[in-house]
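Descriptive structure summary
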Amino acid sequence: MTSLLVTNIGELTTNVAADGDPCGTLRDAAVLVEDGRIAWVGPAASAPALPGAERTPGRRGVGRFPTPWRPEVLSRDGDGDRGGDVEVVDAGGGAVVPGFVDSHTHLVFGGDRAEEFAARMAGTPYAAGGIRTTVAATRAASDDELRSRLARLVAELHGQGTTTFEIKTGYGLTVRDEERIARLAAEVTPEVTFLGAHVVPAEHDRDAYVDLVCGEMLDACAPHCRWVDVFCETGAFTPDESRRILAAGAARGLLPRVHGNQLGPGEGVRVAVDAGAASVDHCTYLSDEDVAALAASDTVATLLPGVEFSTRHPYPDARRLIDAGATVALASDCNPGSSFTSSMPLMIALAVREMRMTPAEAVWAATAGGARALRRDDVGAIAPGMRGDLVLLDAPSRTHLAYRPGVPLVSAVFKDGVRAQ
Ligand code: NIG
Ligand code: FE
């Protein structure tokens, strides 16, 4: 048995709603993880006794570290009393939140588009067609190049507290390239999404391309994927094409999700809700009918403020969605075109500053909200039975994630009870 005890937690965000607090906040808490799963959560004073746990918590504030909230390993015992590896970590009175769940990324790609970004900041508008630049660079890259770039990005995500993430295909747009993107993504996450319908590639007639996506390309990718997605937007795929692609994916056992209402008003939300999609992502331009449809459905509205930051579009109005009763998630949309950041803390800060979310709502949306968007019940909360995915902050409260934007507050990350950073 391997055990991890994190003790002396000043503020623990469990996301187990209690007394009107959706974040289920506990003070002076401890968490025990055994064999990768959370085994116990409660007051630090009554934490199970493990080697090292009896050492005085919080004493390090006196001189040993410049700030009081940095975690310290109190003991690491490869031959512990319980017959296995035991690690005891003192959170130093700092905050602990569930590992972030980033439900929307495009991490497998070649090249970058820094010049496009610079031109955009000088006034050139963002257009979906930029995707084709990355498609060319991705097709030209070998599997090994894509794999090593992906590994660097995964390390970047872990380092910022993300312990669960989804990856979409969509920068290959041939049967061969979509299949290898899906296969490489499946090496690092179970949450792989087939997005052959990202944009019609330059060399294709659109009807023939939709046929290919719904046929041979889907057949090649489906074994690696859990989800099917479509970019339902002017310049990408029409609502009718989107419905057809989602139905083809569903017939192969893939669950639907949608990119919609990113660049302007449209039918993306309607298509997603009608298909029973787990999530519709972007939701930047919503009508009152869209908001009402989301509120009445199980489809999560996943907001991606890195895109608005990087494209100078207006931020989506999270308050309007939450007040209507919709479930909101936050994700990075990490991709080289519209949002080349993997930072969930940045998403939280932008959501609070620009989208009228409270810090508690934003942290919930980046953890439990992401889990709902991926229909996962084993991540996004800290409760017995859940995965041991914990983020320790060099800060006394989760509010600091928004209050101290750009500051690397993530001081330790555990995935399945094992240190990921
Ligand atoms: O989620 N919306 C479509 N796809 C990506 C953008 C991809 C790109 O510009 O390369 C997105 O923003
Ligand atoms: Fe995207």
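How each quantity is defined
- Residues numbered from 1 in each chain as written.
- Chains lettered and ligands numbered in written order.
- Predicted model: local features only at pLDDT ≥ 70, side-chain atom pairs only at ≥ 80, totals over all residues.
- Heavy atoms only, no water.
- Pairing = 2+ DSSP bridges.
- Helix = DSSP H or I, 4+ residues; strand = E, 2+ residues; numbered from the N terminus.
- Axes fitted to C-alpha atoms, helices over the stretch in contact; angles between N-to-C directions.
- Near = heavy atom within 4 Å.
- Polar contact = N/O pair within 3.5 Å; in protein donor to acceptor, adjacent residues only side chain to side chain.
- Areas by Shrake-Rupley, 256 points an atom, 1.4 Å probe, with all protein chains shown as cover.
- Domains from an automatic or database assignment.
- Contact = heavy atoms within 4.5 Å.
- Buried area = accessible area lost by both parts, 1.4 Å probe.
- Nonpolar A, V, L, I, M, F, W, Y, C, P; charged D, E, K, R; others polar.

Spatial strand order, 7-8-9-10-11-12-13-14: eight strands in an open sheet with parallel pairing. Both edges of this open sheet fall to strand 7 (100–102) and strand 14 (328–330), since each of them pairs with a single strand only. Averaged over all pairs of adjacent strands, the angle between strand axes in this sheet comes to 25 degrees, irrespective of strand direction. Across six bridges, strand 10 (residues 227–232) lies against strand 11 (residues 255–260) in parallel orientation. Among the inter-strand pairings, Phe231 is bridged to a residue of strand 11, identified as His259.

So, about the site of ligand 1. The full set close to ligand 1 counts 15 residues, and Arg113, Tyr126, Tyr171, Asp333 and Ser338 are the nearest of them. A distance of 2.4 Å is found between an oxygen atom of ligand 1 and a side-chain nitrogen or oxygen belonging to Tyr126. Interatomic distance of 2.5 Å between a side-chain N/O atom of Ser338 and an oxygen atom of ligand 1. Protein contact buries 100% of the 330 Å² of open area that ligand 1 shows by itself.

In terms of domains, the chain is made up of domain 1 (3–98 + 381–419) and domain 2 (100–373). Using only C-alpha atoms to locate each centre, domain 1 and domain 2 end up separated by 32 Å. Each side of the interface is counted separately: domain 1 has 17 residues, and domain 2 has 17 residues. Taken over both partners, the interface formed by domain 1 and domain 2 buries close to 1300 Å², and the fraction arising from carbon and sulfur atoms is 73%. The interface formed by domain 1 and domain 2 holds three residue pairs in polar contact (both at pLDDT 80 or more) in total. For the side of domain 1 that touches domain 2, the residue count by class is eleven nonpolar, three polar and three charged.

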